[in-house]
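# What the coordinates show
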Amino acid sequence: MVNRHILKAYTAICAKIPTLKRTNTPRQPLLLSVLAIVFSFSAGSVIAQEAASPIAVPVVTARRGTIVFTKQYTGHLEPHAEVKVFANAPGKVVALNAVVGQSVAKDDIIAETDSREAALAVIRAESALSSAQSRLTSTEANAQADVESQLAVAQERLMTAQSNLVETQSLAEMRIRNQLVQAEAAYQAAVETIEKSKTNAEQSLERARVERDDAKADYDRNKSLHEKQLISDSNFESVEKRLRLAETRLEEAQVTARQFEEGSTHPSVEKAKAELGVAQKLVEIRSWEREIATAESKATQAQADLTAAQRLVEAKSWEQEIEIARASVSQTEEQLKLAQEQVSAATIKSPIDGVIATRHLNMGDYAGSASSPTGKPVFTVIGVKVLKAIWSMPVTDARRIHSGELVLISTDAGIRNIIGSIDFISPTVNRENNTVLVHASVPNSVGTLAHNGGLRPGGTITVSIKTGDRKNVQLLPLHSVLHIQNGSGTIFTVEGNAARREQVSVGAVYGGEIEVTARLLKGTLVIVGEQHRLQDGTPVSVIRD
C-alpha cells in the first residue's frame, strides 16, 4: 500500500516538471523536498495504521478461594537419636567395617580394636590380685602384732607429752622474760649504733666541706693562672679533677648525713623496736600460760590416743583388718574377670538402627573408652527414621499451640510440606529474646542419608503453623495488579474490544495471588499480560487458554 501511494505522488511530481522548468526554478532540490513530504506522509499513515491494530492480551477472571493464615519460623533438624560409639576395650583401631552414610542395624560390627591393651589389663589385674593375696597373708600373720605395737607407741608418746608439760610449766615464763631482757638490750644497742653513725656522718660531712672549699680555692687560683697561660693544661685539669672529686664526696656526705636528720627512721632500730614490742606483749599477755595450755592439750591428746589403742587391743581390731584384706582380694578378682571380658570385647557394635554420621578415628588411631577423659568415639551413629525439628517462637505465639498439633516443614534443599507433630513445648522462656523452644517429630520416609533426597539432620528448615483461615476470598494473580500502594492498585479489564484502567482496593498477598477487596462484576475479564503496552481505551483482542 505504501508503494502505491509513493508511485502516485511520484507520477504527479513528474507531470509538474515542465512547469517547473518554465519558472527557472532548480528542479533537483524542489523534487527532493516534495519526495520528503510524500515519504513523511506515507510513514505517518503506516504508524497510525499499526497503532489502530488491537493488542492480543491474556485474561483471567477473579476466583473465590479459602486463605489459610500461617506464621513461619526458622529452625533446624536434629536426629531423634545420636550415639557416639566408643571402643569397649581401649586400643588401636585395626578394622573399620562401616563408612559414613552407611545404614547399619543394631549390633552390626562396625569396627574392631587391638586387644593387646585389654591383655595388658589382664596382666595388671593378675598382678593386683597377687598383691592383694600377699597383703591378706601378711595381715593374717601380723595384724595383731601391729595393733599391740601401736599400743606401745601410744604409751611412749604419753610419757613424752607429760614430761614436756612439766618442763613447760617450770621454764616457759623464765624463757619469755629472758627474751624481753634480750630485746631491750638489742634495742638500746641499735640506738647507740645509730647515734655513733650520726656523729660519724656529721664529721665526715664537715671534712668533705673543708676539702671541697680547699679544692675550690685552689681551682679558682689555678684558673686565673691557666687563663694567663702560666700553668699547663694538664696541671689545670688535675686541679679541676680534684675539685669535682671533692664535690662528689661532699654530696655523698650530705646524703649520708640526711639519713640521720630528725624524724628519720632506721631499719635496724625499727626492727629492734618491733622485736622489743613483741617481747613486751608476750610478757603482758603472759604467753607462757598459752604454751602451758598447749602442752597440756598435747598430753591430753596423747592420753586419748593411748585409750584408743587400748580399745583396739581389747576389740581385737586386727580381725577387721583381715576382713578388709579379704574384701580387697575379692575386688581384685572381680577386676580380673572384667579385664578378661574386655579381651573378648575388641569388636565395636552399633547400639541402634541408624546411619553412620561421622567417623572420628582412622585406622591405627588409638580408641579410648567412654570413661576416659581423653577418649574419642570411633563413630557417631544417628537414628534418621524419625527426625526432630527444633525452632524458637515468641511466647505470645507459643500460647496458641499444643502438643500433638501438626505443622508443615520445608527444607532449604527444596523438600516441601513435610508433616510434623509437636511433641515438646519448653516450660521455660529464653530471657534474652522472650522466646520458647519447640520440638516436633518428623517422620523421614527415606530414612537414610544416601543420595536419594532424604531429610538431613543439621539442615535449615522453615516451620509453618496454621493460625486461622478466611473463606470465599476474591483473588487475582499478583502480576495482574500494578502500582500497589497504600491498599490500592491498578488493573486493566476488557470492555468490549478495548482495555479499561481501573483502581481497585487490595488486601494481603498469598503466594502468587493477591486479595481484591473491591467487588468485581461476575465474568469481568482482567488482563494479566502486556500491561506495559496498554492505556485506557487501547484496542485489545482476548487470548483465552
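The structure we're discussing is the one just above.
Turning our attention to helix H5 (residues 267-284). Compared with an ideal rise of 1.5 Å per residue, which puts 18 residues at 26 Å, H5 spans 25 Å between its outermost C-alpha atoms and is within 8% of the ideal. Every buried residue of H5 is listed here: Val269, Ala272, Leu276, Ala279 and Val283. Summarising the axial view, the buried residues of H5 lie within an arc of 90°, below the 170-degree limit, and thus occupy one face. Residues Pro267, Lys271 and Glu284 are exposed on H5 and point more than 90 degrees away from its buried face. Looking at the buried side of H5, the elements it contacts are helix H3 (116-227) and helix H6 (287-315). Looking one or two places after H5, you find Arg286, whose phi comes out positive at around 55°.

In this section: the pairing of strand E16 (residues 498-510). By the bridge criterion, eight bridges tie strand E15 (residues 488-495) to E16 in an arrangement that is antiparallel. Following the sheet pairing, Gly489 is matched in E16 by Val504. Counted between consecutive antiparallel strands, the loop separating E15 from E16 contains two residues, among which Gly496 sits at a positive phi close to 70°. When E16 meets strand E17 (residues 513-516), the two strands line up antiparallel, connected through three bridges. Residue pairing for E17: Val509 is matched across the bridge by Ile514. Hairpin connection between E16 and E17: a loop of two residues separates the two successive antiparallel strands, and Gly511 in this loop has a positive phi of roughly 65°.

Turning our attention to the pattern of salt bridges. Enumeration over the complete set of coordinates arrives at 18 salt bridges. Note that Arg326 and Glu323 form a salt bridge whose closest N and O atoms lie 2.9 Å from each other. Of this pair, Arg326 and Glu323 both sit in helix H7 (residues 318-343), separated by three residues, roughly a single helical turn. On the basis of relative accessibility, which here comes to 38%, the residue Arg326 falls in the partly exposed class. Here the salt bridges do not stand alone but share partners, grouping Lys71, Asp397 and Arg400 into one network.

Before going further, it helps to spend a moment on unusual backbone geometry. Positive phi values are uncommon outside glycine, yet Asp107 reaches one of about 75°. Checked against the element boundaries, Asp107 lands in the loop between strand E4 (103-104) and strand E5 (109-113). Judged by its relative accessible area of 47%, Asp107 is partly exposed. The phi dihedral of Gln229 falls on the positive side, at around 60°, and the residue is not glycine.

Here the focus is the nonpolar core. Counting 24 residues, the largest nonpolar core has Ala389, Trp391, Met393, Val407, Ile409, Val463 and Ile465 as the members making the most contacts within it. Put simply, the parts of the chain that give this core at least two residues each are strand E2 (63-85), strand E9 (379-394), helix H8 (395-398), strand E10 (406-411), strand E11 (418-425), strand E12 (435-443) and strand E13 (460-477). Looking at which element gives the most residues to this core, the answer is E9, with six residues. Excluding residues within four positions of it along the chain, Val407 makes contact with Trp391, Ile418, Ile419, Gly420, Ile422, Ala440, Val463, Ser464 and Ile465. The next biggest cluster of nonpolar side chains, apart from the first, holds 19 residues, and it includes Ala154, Ala161, Ile176 and Trp288.

Tracing the chain through its elements places Gln474 in strand E13. Overall, the relative accessible area of 7% leaves Gln474 in the buried class. Polar contacts involving the side chain of Gln474 include one to the main-chain carbonyl oxygen of Val516, which spans 3.0 Å. Within the structure, the side chain of Gln474 is placed 3.3 Å from the backbone nitrogen of Leu520, a separation counted as a polar contact. Ignoring any residue separated from it by four or fewer positions in sequence, one finds Gln474 in contact with Ala62, Arg63, Arg64, Ile514, Glu515, Val516, Ala518, Arg519 and Leu520.

H5 packs onto H3 with a crossing angle of 160° between their chain directions and a minimal axis gap of 8 Å. In this view, H3 runs roughly antiparallel relative to H5, as classed from their interaxial angle. Seen from above, H3 lies across H5 with left-handed handedness. Only Ser268, Val269, Ala272, Lys273, Glu275, Leu276, Ala279, Gln280, Leu282 and Val283 of H5 make contact with H3, whose side of the interface consists of Ile176, Arg177, Gln179, Leu180, Ala183, Glu184, Ala186, Tyr187, Ala190, Val191 and Ile194. Here the contact of H3 with H5 is composed, by residue class, of 14 nonpolar, three polar and four charged.

Along the polypeptide, Thr411 turns up in strand E10. Judged by its relative accessible area of 8%, Thr411 falls in the buried class. Non-local contacts of Thr411, meaning those with residues more than four positions away in its chain, are made with Arg416, Ile418, Leu455, Thr460 and Ile461.

The next point concerns the sheet that holds E5. Pairing between sheet strands relies on hydrogen bonds along the backbone, with the strands arranged either parallel or antiparallel. Read across the open sheet, the four strands follow the order E6-E5-E3-E8; overall the sheet is antiparallel. Every other strand in the sheet has two partners, leaving strand E6 (347-349) and strand E8 (366-367) as the edge strands with one partner each. Direction of pairing for strand E3 (residues 91-96) relative to E5: antiparallel, over a ladder of three bridges. Note that in E5 the partner of Val93 across the bridge is Thr113.

Together, Leu406, Leu408 and Ile419 make up an exposed nonpolar region whose accessible area comes to about 290 Å². Note that Leu406 resides in strand E10.

Turning our attention to H7. Across its 26 residues, H7 extends 38 Å between first and last C-alpha, which sits within 8% of the 38 Å expected from 1.5 Å per residue. Among all positions in H7, only Trp318, Ile322, Ala325, Val329, Thr332, Leu336 and Ala339 are buried. Next to the buried residues of H7 lie H3 and H6.

Here is what the cut-offs are and how they apply
- Residues numbered from 1 in each chain as written.
- Predicted model: local features only at pLDDT ≥ 70, side-chain atom pairs only at ≥ 80, totals over all residues.
- Heavy atoms only, no water.
- Helix = DSSP H or I, 4+ residues; strand = E, 2+ residues; numbered from the N terminus.
- Expected span 1.5 Å × (residues − 1).
- Buried < 20%, exposed > 50% of the residue type's maximum accessible area, 1.4 Å probe, protein only.
- Arc of directions from axis to C-beta.
- Contact = heavy atoms within 4.5 Å.
- Pairing = 2+ DSSP bridges.
- Salt bridge = Lys/Arg side-chain N within 4 Å of Asp/Glu carboxyl O.
- Core = buried A, V, L, I, M, F, W, Y, C linked by side-chain atoms within 4.5 Å.
- Polar contact = N/O pair within 3.5 Å; in protein donor to acceptor, adjacent residues only side chain to side chain.
- Axes fitted to C-alpha atoms, helices over the stretch in contact; angles between N-to-C directions.
- Parallel < 35°, antiparallel > 145°, perpendicular 65-115°, else oblique.
- Left-handed = near helix turned anticlockwise from the far one by under 90°.
- Nonpolar A, V, L, I, M, F, W, Y, C, P; charged D, E, K, R; others polar.
- Patch = residues over 30% accessible without salt bridge, like charges linked within 9 Å, V, L, I, M, F, W, Y side chains within 5 Å.
- Areas by Shrake-Rupley, 256 points an atom, 1.4 Å probe, with all protein chains shown as cover.

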